[in-house]
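Here are the chains, one letter per residue:
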Amino acid sequence: MMCWMQEVVRWPFSPGAFAGRGRSDPKLPPGQYLTEDFPVLSAGPTPRVDLTKWEFSVLTEAGARHAWSWPQLLALPAEQVTVDLHCVTKWSKLTTTWLGVPLETLLANVESAADYAMVHSYGGYTTNLPVEDLLGGQAWIAYRYDGDDLAPEHGGPARLLVPHLYLWKSAKWVRSIELMLEDSPGFWEGAGYHNYGDPWREQRYYGD
């Protein structure tokens, strides 16, 4: 199966990002520390997804459904991106390399007036975010990390990657995206995490 790929390097920028605040690396958001490891944090057990049954779908607010099997996902044009990751638990991992399909590609033929999205994962996890944060070269369905197939503990076979937000928004084991006219909280948002989750603004919890 042919997989088209292009290289994209994304460096996060936010007003005031280089203001210091005691950080040793200007690419670290406020309150974050650098790690060379890739910590594994999950809201539940790691699901094991059979690739012959794996499917990713987009459901519009009007009920239209668009779906891709695993071979169909791999056949789409992919980008290799190098991005920084920031976890709400305050670790950051810089210059990580991924391969995945841009959300613009998956949403290109989807007719919708929705401003919000709910991401659903195999295993039941959910997280919400604005549709505009899925577009403009900001988000991918990623299936390879650091040159290898994405490991299950890190969200394999495929996860959402939205590196400009805290990592809980980059849902592991992604299954579908539901487009919505009105916002609704996902798993961690309903438990008191910030509804948006910008690491440069330290939006960790409700009220930040």
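Residues numbered from 1 in each chain as written. Predicted model: local features only at pLDDT ≥ 70, side-chain atom pairs only at ≥ 80, totals over all residues. Heavy atoms only, no water.

**Structural notes on unusual backbone geometry**
Definition in use: Each helix is a run of H or I in the DSSP string that is no shorter than four residues. Each strand is a run of E no shorter than two, and both are numbered from the N terminus. Between buried and exposed lies partly exposed: a residue is buried under 20% and exposed over 50% of the maximum accessible area for its type, with that area taken using a 1.4 Å probe on protein chains only.
Here the residue pair glycine 156 and proline 157 is connected by a cis peptide bond, since its omega of 15° sits within 30 degrees of zero. Relative to the elements of secondary structure, proline 157 occurs in the loop between β10 (148–149) and β11 (159–161). Of note, lysine 90 is a non-glycine position whose phi angle comes to about 90°, a positive value. Within the secondary structure layout, lysine 90 lies in the loop between β5 (78–86) and β6 (91–102). The phi angle at aspartate 146 is positive, at roughly 55°, despite the residue not being glycine. Accessibility expressed as a relative area gives 54% for aspartate 146, which makes it exposed.

**Quick look at the nonpolar core**
This is how the line gets drawn: Grouping buried Ala, Val, Leu, Ile, Met, Phe, Trp, Tyr and Cys residues that are joined through side-chain atoms within 4.5 Å yields what is termed a nonpolar core. It only takes one pair of heavy atoms within 4.5 Å for two residues to be counted as in contact.
Counting residues in each nonpolar core, the largest one holds 52 residues, and the members touching the most others are Phe56, Leu73, Trp98, Leu103, Leu106, Leu134 and Ile141. Ranked by residue count, the leading element in this core is strand β9 (residues 140–145), at five residues. In this view, leucine 134 contacts Leu103, Glu104, Ala117, Leu129, Ala139, Leu160, Val162 and Ile177; residues no more than four positions away in its chain are not counted.

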